[in-house]
2 protein chains.
Amino acid sequence: MTRTTADVTFLRDYNQAQVLAVGRTARTFERSTVVAATGLTPQAVSKVIARLSADGLIRPAGVRRPGIGKPAVVYELVPDSRYAIGAHVARRTLRLVLVDLAGAVRHSTVRPLPADFTPEQLLDALCAGIGTITEDPALRDRLTGVGLGMIGPLDHANGLVRDAHGLRHWHDVPLRELAEARLRLPVHLDKDVTAGVTAEAWRHGATFGDAALIMVESGIGGGFWLGGAAHRGAHTNAGEFGHTVVDLDGPVCVCGRHGCLEVVHLRATEAEDVPRAARVLAIGVVNLLQTLDLAHVVLAGADLLRHAEVYRAAVEQAVRTDVRRADWLAPTVTLSSLGADVIAAGAAIQVLDQLYGIPDLTPGTPPTTVRQHRPTGDYRGISSA
Amino acid sequence: MTRTTADVTFLRDYNQAQVLAVGRTARTFERSTVVAATGLTPQAVSKVIARLSADGLIRPAGVRRPGIGKPAVVYELVPDSRYAIGAHVARRTLRLVLVDLAGAVRHSTVRPLPADFTPEQLLDALCAGIGTITEDPALRDRLTGVGLGMIGPLDHANGLVRDAHGLRHWHDVPLRELAEARLRLPVHLDKDVTAGVTAEAWRHGATFGDAALIMVESGIGGGFWLGGAAHRGAHTNAGEFGHTVVDLDGPVCVCGRHGCLEVVHLRATEAEDVPRAARVLAIGVVNLLQTLDLAHVVLAGADLLRHAEVYRAAVEQAVRTDVRRADWLAPTVTLSSLGADVIAAGAAIQVLDQLYGIPDLTPGTPPTTVRQHRPTGDYRGISSA
DNA sequence: GCGAATTTAGCAACAGCGTTGCGTAATAGA
DNA sequence: TCTATTACGCAACGCTGTTGCTAAATTCGC
């Protein structure tokens, strides 16, 4: 949640989020763990833990005997205490996942979408899919909201789809408002790749540094996690990484430029030269590294995962050989831990992240447009009426 | 200053920094201005203003009569209340500037450095240059520290120069410690381009969004300002933007890859084809935009400023024609407002920014290594002994 | 067995932040 | 002179994390 003024509630949310991040990362933790990770005083940690226990987000899970002295109480996150639904809106399919507070995917479904679907058709499909998930009343009470991940350009702050590439009926659609009205749940709208990298960051916890999620799926995109938060850019349009020129005299791309990464990669794919396609992508990834100095590179997307190991190996090798001082600059290169669910899961996690993640405090934004839908205390969802 | 724990002093520093940012941007301001910009209550703003006035950072500058009612007190920043010294360490020259709290360059000198200079030689030159600046005792009392901007790779957090490109005697030099011992002042070390973009951001105030400083000066580099803070990357190595491949089959670059932006640009420069060199740079800039979605692009560097208008026009045009939906995605393209001083000024401003800028709160960093040299209250400098 | 040492944990008082309620000062206009 | 209006701060408050100290639970030595 973006806010400008820094009051004491920010402190509470911030430190609480840090404790939850520890809980997500480590399977179990105790007071001293949190003290070491956050730098808070033991007393402050006790207060935070008391609050989180009262809300049911964490619970005691035994004790640890430190040899001598009073045993330490061991805590664990309660994954089932909160849920969020995520949707990955692709060109032909709608993927829905149910994610718990730990960031684990508990349920996943895919349904087809009509060719060149309209906003109304998408909302129908969303309602139908989410309706079946929320039939369980115990779950419904713990549902925090719905996240939508889709292709851009879109306006994250205002929940507006500007022009979804390749879809005719999508110009300046206020999708967040429409979905909130239909679903009667808080809705969060973001670009697919940004949602994806949020999933990886949330699951890795607070130690997750600057990172990118590279996605190859009917186009090439990148989601960025920089400085502890998703980087969306000035107009929520960051990540059009496929449209960076890597070959000045290359073929013309759909975007009008010559030799974009995407079109060069496409040519290799069309020639069924997977190794070359992977090498091309790897060059683009190294370009990113030179520019942004990332700690982690995560690979995802249907077209990439079909040849996952070829791509991973190519990127891994390029990162080691093409970067000077790779001995200390090379990032970890991994395949997405969530596979095909990563976008949908990330969209769901963005809802959880708004409520229980590190709050962001961006100065300079007008305070009037701040949206507030944090369920304080005994939030019950709003799907009952 | 990086901190992990969020206590009430963070609130104070954060809101105080917001008020100072307003004071830097607007020549004069009043309580209602700050209320609108920050979202704080009028009473809270009064408290902050009282603190800043007591510290001498702002002062009353008349009243404004709102037609009816009690006149509002108008305030202004006191530029002379704090100073910082900045150094731009280039391959053959050392540029020193004196910057005031408003971010204005008050004094600027350039002196040659020996070819392939050693750390000791640099420290000598620094001491000599800074000594003459700090002769004025009134100034010395208000000096907050020294910032050093130089080429990498270096380790910003630990003040270590890893390997300065093209300088033989620079491997793992603890420059910050050495300089602090010699100068007896707090020292801040950072990459040249990162310092440069900090200068632009500080001078533009809190409304400065995601931005890049593109620097062409014996190589091509980029400094990034993302999400309200400098982006340094996982190892302080972000910005090696010149070493991104734009021509797969291009000439070999000094870094070993083929067709880096830098080498392609260099070939055009060697052929004295300035328009082509500018177009090549522009392609690189558009690549950045596609990836990061920036709101501002600032051009700088001696080699670029020699043909400033050619470069500016080329980038401006590329940004308008090569980006889809440029009507709302195109950034502002400007030349650095500080000219050749931008790096040195930015290095100085980083010192001011640590003390009076928006504090950053990065979770996950071990709290033990946090450096603290904030001069609380009546800081007097430490150059007296 | 029993007391000392050790480690964990929480209660109570405190300082500092922004917020709220309300009184006061300063001006223009009637 | 009175009233409406605007600016501004004092005082009390709620909330945060911090500090000082006490209590609880355990191991170890005698």
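Provided above is the structure to which this section pertains.
Residues numbered from 1 in each chain as written. Chains lettered and ligands numbered in written order. Predicted model: local features only at pLDDT ≥ 70, side-chain atom pairs only at ≥ 80, totals over all residues.

**Q** Any chance you could explain the overall build of chain A here in plain terms?
**A** Scanning chain A from N- to C-terminus turns up 13 helices and 18 strands. Against the globule reference of 21 Å for 385 residues, chain A gives a C-alpha radius of gyration of 22 Å, in line with a compact fold. Taking the principal axes of the C-alpha coordinates as reference, chain A spans close to 70 × 55 × 40 Å. Of all intrachain contacts in chain A linking residues separated by at least 6 positions in sequence, the fraction that spans at least 24 positions is 61%. (Helix = DSSP H or I, 4+ residues; strand = E, 2+ residues; numbered from the N terminus. Rg over C-alpha atoms; globule rule 2.2 N^0.38 Å. Contact = placed C-beta atoms within 7 Å.)

**Q** What exactly am I supposed to notice about the sheet that holds strand 10 (residues 171-173) of chain B here?
**A** Sheets are built from strands paired through backbone hydrogen bonds, the pairs being either parallel or antiparallel. Residues and elements named next belong to chain B. With respect to topology, three strands assemble into an open sheet ordered 8-9-10, the strand pairing being antiparallel. Two strands bound the open sheet, and with one partner strand each, they are strand 8 (154-155) and strand 10. Pairing of strand 9 (residues 160-163) with strand 10, which is carried by two bridges, proceeds in the antiparallel orientation. When the sheet's bridge partners are listed, D163 is paired in strand 10 with H171. (Pairing = 2+ DSSP bridges.)

**Q** How do you make sense of the relation of the copies chain A and chain B when you look at a structure like this?
**A** Both copies of the chain are related by one operation, a rotation about an axis with a shift along it. With an axial shift of 0.0 Å and an RMSD of 0.1 Å, the rotation relating chain A to chain B amounts to 180°. Both copies are brought into coincidence by an operation consistent with a two-fold rotation axis. Here 100% of the interface residues in chain A have copies in chain B that are interface residues too; the copies meet face to matching face. (Least-squares fit on C-alpha atoms with pLDDT ≥ 70 in both.)

**Q** I tried to follow the protein's contact with DNA strand C on my own but got confused; where do I start?
**A** In the vicinity of DNA strand C there are 31 residues, among which G69, K70 and V73 of chain A together with T41 and A44 of chain B approach most closely. For the surface near DNA strand C, the secondary-structure elements that each account for two or more residues are helix 2 (31-38), helix 3 (42-54) and strand 4 (72-77) of chain A together with helix 1 (8-25) and helix 3 (42-54) of chain B. At five residues, helix 1 of chain B tops the list of elements feeding residues into the surface near DNA strand C. Of the residues in the surface near DNA strand C, the class split is 12 nonpolar, 11 polar and eight charged. (Near = placed C-beta within 6 Å. Nonpolar A, V, L, I, M, F, W, Y, C, P; charged D, E, K, R; others polar.)

**Q** Is there a simple way to explain helix 7 (residues 192-204) of chain B in this structure?
**A** Helical periodicity: at 3.6 residues per turn, an α-helix aligns residues three or four positions apart in one direction. Residue and element names in this part refer to chain B. Between its terminal C-alpha atoms helix 7 stretches 19 Å, which fits the 18 Å expected from 13 residues at 1.5 Å a residue. For helix 7, the tally of buried residues reaches 12 of 13 residues, placing the bulk of the element in the interior. Among the residues of helix 7, those classed as buried are D192, V193, T194, A195, G196, V197, T198, A199, E200, A201, W202 and H204. Following helix 7 by one or two positions, G205 adopts a phi angle in the positive range, close to 90°. (Expected span 1.5 Å × (residues − 1). Buried ≥ 20, exposed ≤ 12 C-beta atoms within 10 Å, placed from the backbone.)

**Q** How should I be thinking about the protein's contact with DNA strand D in this particular structure?
**A** Lining the immediate surroundings of DNA strand D are 31 residues, of which A44 of chain A together with S46, G69, K70 and V73 of chain B lie closest. Classifying every residue of the surface near DNA strand D by side-chain character gives 13 nonpolar, 10 polar and eight charged.

**Q** For this particular structure, what's the right way to read the sheet that holds strand 3 (residues 58-64) of chain A?
**A** All names here are of chain A. An order of 2-4-3 is seen for the three strands of this open sheet, with the pairing classed as antiparallel. With partners counted over all chains shown, the strands left at the sheet margins are strand 2 (28-30) and strand 3, one partner each. When the angles between neighbouring strand axes are averaged without regard to direction, this sheet yields 40°. Where strand 2 meets strand 4, three bridges bridge the pair, whose relative direction is antiparallel. Within the sheet, the bridge partner assigned to F29 lies in strand 4 and is Y75. (Axes fitted to C-alpha atoms, helices over the stretch in contact; angles between N-to-C directions.)

**Q** Help me understand unusual backbone geometry, please; the structure alone is not making it clear to me.
**A** It is generally the case that most residues other than glycine have a negative phi and that most peptide bonds are trans. Note the cis peptide between G152 of chain A and P153 of chain A, where omega equals -5°. In this structure, P153 of chain A sits in the loop between strand 8 (143-150) and strand 9 (154-155). Positive phi values are uncommon outside glycine, yet E272 of chain A reaches one of about 55°. Note on placement: E272 of chain A falls in the loop between helix 8 (261-270) and helix 9 (274-292). Under the C-beta neighbour-count criterion, E272 of chain A is labelled exposed, with 8 such atoms within 10 Å. Phi is positive for R184 of chain B, close to 55°, though the residue is something other than glycine. For R184 of chain B, a count of 13 C-beta atoms within 10 Å translates into the label partly exposed.

**Q** Help me understand the packing of helix 9 of chain A against helix 11 (residues 308-321) of chain A, please; the structure alone is not making it clear to me.
**A** All names here are of chain A. Close contact between helix 9 and helix 11 brings their axes to 8 Å; oriented N to C, the two are set at 45°. Between helix 9 and helix 11, the interaxial angle falls into the category oblique. In terms of crossing hand, the pair formed by helix 9 and helix 11 is right-handed. Of the residues in helix 11, those touching helix 9 at V274, P275, A278, R279, L281, A282, I283, V285, V286 and L289 are V310, Y311, A314, V315, A318 and V319. Its residues assigned to classes, the contact of helix 9 with helix 11 comprises 15 nonpolar, no polar and one charged. (Parallel < 35°, antiparallel > 145°, perpendicular 65-115°, else oblique. Left-handed = near helix turned anticlockwise from the far one by under 90°.)

**Q** Whenever I open this one, the interface of chain A and chain B confuses me. Can you help?
**A** Frequently, the measure chosen for interface size is the accessible area removed from exposure when the parts meet. Each partner contributes to the interface: chain A provides 57 residues, whereas chain B provides 57 residues. Its residues assigned to classes, the side of chain A that touches chain B comprises 26 nonpolar, 22 polar and nine charged.

**Q** Explanation requested: the environment of L96 of chain A in the structure shown.
**A** Residue and element names in this part refer to chain A. Take L96: it is sitting in strand 6 (residues 93-100). In this structure L96 comes out as buried when scored by C-beta crowding, with 25 C-beta atoms within 10 Å. Sequence separation between L96 and A157 is 61 residues; the distance between their C-alpha atoms is 22 Å.

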